[in-house]
Amino acid sequence: MNQPCARFDFLFAACRRVLPVLAALALSVPAAARVEIGSGAAEAEVTVGCMFPMTGRAAIYGRDSIAGIRLALADLAAQDASTPRLRVLVDDTRSKASYAVRIAEDFIARDQARFLCGMVSSGVAHAVSQVALERKVILVGTDHASSRLTIEAFHKYYFRVSNDSYISMAAGAHYLAELQQRTGWKRLAFIGPDYDYGHVSWNDLKSNFERLGVRFELVGTFWPKLYEPDYSAYIDALMQAGPDIVVTALWGGDFIAFLKQAATTDFFRKIRLANFDTGANYEVMVALGERPPPGLIVSARHHNNWPDTERNRRFVEAFHRAEGRYPTYAAQGAYSGILAIAAAIRKAGSGADSDALVAAMEGLRLELPEDPEGFTSWIDPDTHQIVQMQAVGEVVPDASFPPARVMAGKWRVYRAEDLMPAPALVRERRAQARGTAASLP
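Draft legend 1. Structural detail: the overall build of the protein. A tally of regular secondary structure across the protein gives 15 helices and 16 strands. Its C-alpha atoms give the protein a radius of gyration of 21 Å, near enough to 22 Å, the size a compact globule of 441 residues would have. Oriented by its inertia axes, the alpha-carbon framework of the protein measures out at about 65 × 50 × 45 Å. Buried positions account for 61% of the 441 residues belonging to the protein. Counting contacts in the protein only where the partners sit at least 6 residues apart, residues at least 24 apart contribute 72% of the total. Across the protein, the mean location of the 48 positive side-chain charges is 3 Å away from that of the 49 negative side-chain charges.

Draft legend 2. Main features of the sheet that holds strand β12 (residues 365-366). With antiparallel pairing, three strands are arranged side by side in an open sheet as β12-β13-β14. Across the chains shown, the open sheet's two edge strands, defined by having one partner strand only, are β12 and β14 (386-387). Pairing between β12 and strand β13 (residues 377-379): two bridges, direction antiparallel. Bridge pairing in β13 places Arg365 opposite Trp378.

Draft legend 3. Seen up close, the packing of helix α13 (residues 329-348) against helix α14 (residues 354-361). Relative orientation of the contacting elements α13 and α14 amounts to 115°, with a least axis distance of 8 Å. As the angle between them shows, α13 and α14 are arranged roughly perpendicular. Where α13 crosses over α14, the two elements pack in a sense that is right-handed. In this structure, α13 uses Ala340, Ala344, Ile345, Lys347 and Ala348 to contact α14, whose residues at the interface are Ala356, Leu357, Ala360 and Met361. For the contact of α13 with α14, the residue count by class is eight nonpolar, no polar and one charged.

Draft legend 4. How the structure looks around the pairing of strand β9 (residues 245-248). On β9, burial covers both faces: Ile245 and Val247 on one face and Val246 and Thr248 on the other are all buried. In this sheet, β9 lies alongside strand β7 (residues 187-191) in parallel orientation, the contact comprising four bridges. Bridging across to β9, Phe190 finds its partner in Val247.

Draft legend 5. Here's a closer look at the sheet that holds strand β5 (residues 138-141). Across the sheet, which stays open at both edges, the six strands sit in the order β1-β3-β2-β4-β5-β6 with mixed pairing between neighbours. Both outer strands of the open sheet, β1 (35-38) and β6 (158-160), are each paired with one neighbouring strand and no more. The mean inter-strand angle of the sheet, taken between neighbouring strand axes irrespective of direction, is 20°. Relative to β5, strand β4 (residues 115-118) runs parallel, the two sharing four bridges. Directly across from Cys117, in β5, lies its bridge partner Val140. Set on the sheet, helix α4 (residues 97-111) makes contact with β2 (46-52), β3 (86-92) and β4; between it and β3 the angle comes to about 150°.

Draft legend 6. Region of interest: unusual backbone geometry. Cis peptide bonds are those with omega within 30 degrees of zero, and the linkage from Trp306 to Pro307 qualifies with -5°. As for its position among the elements, Pro307 is in the loop between β11 (297-298) and α12 (310-323). Here the amide bond leading from Pro402 into Pro403 is cis, since omega sits at 10°, within 30 degrees of zero. With respect to the helices and strands, Pro403 occurs in the loop between β15 (390-397) and β16 (406-414).

Draft legend 7. Local environment of the environment of Thr221. With respect to the helices and strands, the residue Thr221 is situated in strand β8 (residues 217-222). Distance from Thr221 to Ser377, taken between C-alpha atoms, is 33 Å for residues 156 residues apart in sequence. In this structure Thr221 touches Phe190 and Trp202, once residues within four positions along its chain are discounted.

Draft legend 8. The arrangement of the packing of aromatic side chains in detail. Across all of its chains, the model carries 16 aromatic pairs by this definition. Measuring from ring centre to ring centre gives 5.8 Å for Tyr231 and Phe258, while their planes differ by 80°; the resulting arrangement is edge-to-face. You can see Tyr231 sitting in the loop between β8 and α8 (232-241) and its partner Phe258 sitting in helix α9 (residues 252-262), a full 27 residues away along the chain. The same class applies to Tyr231 as to Phe258, namely buried. Between Phe258 and Phe267 the ring centres are 5.8 Å apart and the planes differ by 90°, which places this aromatic pair in the edge-to-face class. There is no split in this pair, since Phe258 and Phe267 are both buried. What links up through ring pairs into an aromatic cluster is the set Tyr61, Tyr227, Trp251 and Tyr329. For the cation-ring pair, Arg430 lies above Phe154, with the distance from its terminal atom to the ring centre recorded as 4.3 Å.

Draft legend 9. Spotlight on the pattern of salt bridges. All told, the structure shown has 28 salt bridges when counted by the stated rule. Asp111 is the partner of Arg34 in a salt bridge, and the nearest nitrogen-oxygen pair spans 2.9 Å. Placement of Arg34 in the loop between α2 (10-28) and β1 and of Asp111 in helix α4 is noted, with a sequence separation of 77 residues between them. Taking relative accessible area as the criterion, Asp111 reaches 8% and is therefore assigned buried. Close ionic contact of Asp106 with Arg110 constitutes a salt bridge, the shortest N to O distance being 3.7 Å. Here Asp106 pairs with Arg110, and both are found in helix α4, just four residues apart, close to one helical turn. Judged by relative accessible area, Asp106 falls into the partly exposed class, the value being 31%.

Draft legend 10. Representation of the environment of Arg434 in the model. With respect to the helices and strands, the residue Arg434 is situated in helix α15 (residues 423-439). Since its relative accessible area comes to 56%, Arg434 is described here as exposed. Remark: the alpha-carbon pair of Arg434 and Val286, spanning 148 residues in sequence, is separated by 44 Å.

Here is what the cut-offs are and how they apply
Residues numbered from 1 in each chain as written. Predicted model: local features only at pLDDT ≥ 70, side-chain atom pairs only at ≥ 80, totals over all residues. Heavy atoms only, no water. Helix = DSSP H or I, 4+ residues; strand = E, 2+ residues; numbered from the N terminus. Rg over C-alpha atoms; globule rule 2.2 N^0.38 Å. Buried < 20%, exposed > 50% of the residue type's maximum accessible area, 1.4 Å probe, protein only. Contact = heavy atoms within 4.5 Å. Lys, Arg positive; Asp, Glu negative; His and termini not counted. Charge placed at Lys NZ, Arg CZ, Asp CG, Glu CD. Pairing = 2+ DSSP bridges. Axes fitted to C-alpha atoms, helices over the stretch in contact; angles between N-to-C directions. Parallel < 35°, antiparallel > 145°, perpendicular 65-115°, else oblique. Left-handed = near helix turned anticlockwise from the far one by under 90°. Nonpolar A, V, L, I, M, F, W, Y, C, P; charged D, E, K, R; others polar. Phe/Tyr/Trp six-rings, centres within 6.5 Å; stacked < 30°, edge-to-face > 60°. Lys NZ or Arg CZ within 6 Å of the ring centre and 35° of its normal. Salt bridge = Lys/Arg side-chain N within 4 Å of Asp/Glu carboxyl O.

If you want it as structure tokens, here you go:
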């Protein structure tokens, strides 16, 4: 055990660096604190009610989302006079669905919010999406990723402006298909959190393997609870199963904890680990220190170093100037959400009803930091999911974004059109969901 510990001592040192930072972020905003950004109530044309975790393990995503909203409002203010005046309210979900539902209802009833936005947990997002449907208020998802929200649980008032689990797993399936051609890997295992996002991610990966004709031997699926403190039993079981590749949908502090604990074993000597949706998030890059485990395959919903465009550099540098640190992907998601809302209001008019605003958002094109040159993100009218390109890579030395000493690199970039679910698949999954609902007593 000592040799792997020495080899991957980066994680113990990294945790000493990262955990105080995460703790400070969690404590920096009191429980249930409410933040108001943008125009005042008297001057605003439209009020937007956003919900993020601002305390606990996921608090960094709330903090970065608030910073992303501020950047979006500043960019909008620098545009022409037709830019709508937005009042943005942010409250703490505490990562609990029931609490987020009460906040959403309060935003609508007390603050006359015309839009809801945010959410990190897909479970929380499902609950708030139901509120949006019942109240006929548009919900713009900026972070959570379960593809069920835009496929099986689709309704006209829900939109999402960050990559979902289907897009990320489609990119991952393409990457692993190419890797199989080069290396001949055969055995695969999956580990993900035991709630909607984890299970949907696995189903989306399987669906894309089938679409691409990737053949493999499944040696196990594993489902730790969200915020699991001890992964040792899962790591042991994975090693006993003997996969060539492990794909994980663990995210945030859970993914970092898994890496730390796996580094005390022979796990990384024998297995390649891939995380296609959240693995390249900036907080993970910081936690990896200078000596990451070998063979990590990663991607995320936004990268500070890809694409290398003026728009992305400007966004990352503006965030750093404002916050004194570099952003996680949550910042770009929230930034995108506010730009989408403003664009829809500009198109439909501030006095437009919800149905007119829905029509304005369907097919909306948005130039975003994560768009490579020559590509513009757009919202698919059939799913209300944003359509974007995705890059998958490996962890490489890169000290351009301190305190991180590594970043993702050696990119493989996949076309947006190749990552979208086929219309026939969308119809099939929706029909199955309706059939299941109809069979319930």
